[in-house]
Structures are given as structure tokens and as C-alpha cells.
Amino acid sequence: MTTQNSSALTHFDADGQAHMVDVGAKTETRRVAIATGRIVMLPETFAMVKSGSAKKGDVLGIARIAAIQASKRTSELIPLCHPIPLTRVAVEFELDEPGHAIRCTVTAETVGRTGVEMEALTAVNVGLLTIYDMCKAVDRGMRMDGIQLMEKLGGKSGHWKA
């Protein structure tokens, strides 16, 4: 776990009050963030999603749309996030049959003054929550885990990889 002292946190002013960071002087650059997470379920639930036989419809197709939609609304959900113009959001699902899990990976991109990490992370969470919502009638014990930023590119801090 990474820790920082409060003076390094950019969402607080000198008096410790929360504020939206001023990015006006930053240079616009191409920014990319990749986030991932997974949902683990019962073997029967996994089989239902894989076969497309869920009563509510195409679970992964709807989860993909939900993830994209969530990425576009991140600034409405996370109070100090800037609304940013996304240039691309890609959502991939990987089926892990032995683990009865589905991995969601989101790549978010923009050309702007602030990064897209929160958009990618929000999209992963909402994509997984949508899978949960669509399957909860048959499996309330599904578990989401491993949600994390995997990589970011662009901006002053450059390239970072988990």
C-alpha cells in the first residue's frame, strides 16, 4: 500500500480544504489509463453468462455499455474530478473458466490537461457491478476483487505501470 503525507495531495489547499485542482496551465497531451478488476461467481452462474442464457439478456454486452457510460459520467460521481472529453474507451471481458471469474479491462484515452485514471477505474467498477446486478437473482455471493490501475501514460508524471 502506498502512503503519502497530506502536503503531497493535490486535492487539498494549504489550509487542508478540499478543492478542484487547477489544470489550466498544464499542457494538453495524449493521456491513457488502463484499469482492471474481476468478478468471481458460482460455476453455474459463469456457465449462464458464458452461454448467454441469462434471463435479463446479454450480460457482457450490457456490462460493456454500462462501463462506457460510467466512464463518461465519472466527474458526476467523483466530486473533485474534472469533466474531460474522452477520445476512446475500450472495454474487454476475459472469461476465466477454471476460476469461474470474468475479468474486465478498460482502456480510457483523452487529449487533455488531466489524466483518465478515474474514468478507467469507474468504468471497471460499473461494468462489474452491472454483471452482479444482472446475475444476482441466481448468485448473491459474487465477489469483485483486484480492481486497480494497471498503467497510465501522458502528463507530467509520464509513464507508470503496476
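This text follows the structure it describes.
Since the structure is predicted, the reported quantities are computational estimates derived from the model, not experimental observations.

S.K.: Would you explain the packing of helix 2 (residues 59–72) against helix 4 (residues 117–135) in this entry?
M.R.: Where helix 2 meets helix 4, the closest approach of the two axes is 7 Å, and the angle between their N-to-C directions is 145 degrees. Here the hand of the crossing between helix 2 and helix 4 comes out right-handed. Here V59, L60, I62, A63, A66, A67, A70 and S71 of helix 2 lie close against helix 4, whose contacting residues are E119, T122, A123, V126, G127, T130, I131, M134 and C135. In terms of residue class, the contact of helix 2 with helix 4 is made up of 12 nonpolar, 4 polar and 1 charged.

S.K.: What should I look at first to understand the environment of T27 in this one?
M.R.: Mapped onto the secondary structure, T27 falls in the segment before strand 1 (29–40). When its relative accessible area of 57% is taken as the criterion, T27 is described as exposed. Along the chain, T27 and G112 lie 85 residues apart, while their C-alpha atoms are 7.5 Å from each other.

S.K.: Help me understand the environment of G146, please; the structure alone is not making it clear to me.
M.R.: The residue G146 is located in strand 4 (residues 143–153) in this model. Under the relative-accessibility criterion, G146 is labelled partly exposed at 40%. Separated by 110 residues in sequence, G146 and T36 place their C-alpha atoms 7.3 Å apart. Sequence-distant contacts of G146, defined by excluding residues within four places in its chain, comprise T36 and G37.

S.K.: What is the right way to read helix 2 from this model?
M.R.: Every α-helix winds through 3.6 residues per turn, so residues three or four apart in the chain are directed the same way. Over its 14 residues, helix 2 runs 20 Å from end to end, which matches the ideal 20 Å to within 8%, given 1.5 Å per residue. Every buried residue of helix 2 is listed here: V59, L60, G61, A63, A66, A67, A70 and S71. Where helix 2 is buried, its residues meet helix 1 (43–51), helix 3 (74–77), strand 2 (86–96), strand 3 (101–112) and helix 4.

S.K.: Which parts of the structure should I look at to understand the pairing of strand 2?
M.R.: Along any regular strand, the residues point their side chains to alternate faces of the sheet. The sheet contact formed by strand 2 and strand 3 spans 10 bridges and is antiparallel. From the neighbouring strand, E94 faces strand 3, where its bridge partner is R103. If you look at the hairpin formed by strand 2 and strand 3, you'll find 4 residues sitting between the two strands, and H100 has a positive phi there, around 50 degrees.

S.K.: What exactly am I supposed to notice about the nonpolar core here?
M.R.: Soluble globular proteins: nonpolar side chains tend toward being buried together. If you look at the biggest cluster of nonpolar residues, it comprises 30 residues, and the most contacted ones within it are M41, V59, F93, I102 and I131. Residue assignment for this core shows that the elements contributing at least two residues are strand 1, helix 1, helix 2, strand 2, strand 3 and helix 4. When residues in this core are grouped by element, the largest group, 8 residues, is from helix 4. When sequence neighbours within four positions are dropped, the list of residues in contact with F93 reads L60, A63, R64, I102, R103, C104 and I131.

S.K.: Explanation requested: the pairing of strand 1 in the structure shown.
M.R.: Pairing of strand 1 with strand 3, which is carried by 12 bridges, proceeds in the antiparallel orientation. When the bridges of strand 3 are listed, R38 appears paired with R103. The pairing of strand 1 with strand 4 spans 8 bridges and is antiparallel. From the neighbouring strand, V32 faces strand 4, where its bridge partner is L153.

Analysis parameters
- Residues numbered from 1 in each chain as written.
- Predicted model: local features only at pLDDT ≥ 70, side-chain atom pairs only at ≥ 80, totals over all residues.
- Heavy atoms only, no water.
- Axes fitted to C-alpha atoms, helices over the stretch in contact; angles between N-to-C directions.
- Helix = DSSP H or I, 4+ residues; strand = E, 2+ residues; numbered from the N terminus.
- Left-handed = near helix turned anticlockwise from the far one by under 90°.
- Contact = heavy atoms within 4.5 Å.
- Nonpolar A, V, L, I, M, F, W, Y, C, P; charged D, E, K, R; others polar.
- Buried < 20%, exposed > 50% of the residue type's maximum accessible area, 1.4 Å probe, protein only.
- Expected span 1.5 Å × (residues − 1).
- Pairing = 2+ DSSP bridges.
- Core = buried A, V, L, I, M, F, W, Y, C linked by side-chain atoms within 4.5 Å.

Honestly, that's just the spatial picture; any functional story needs more than this.
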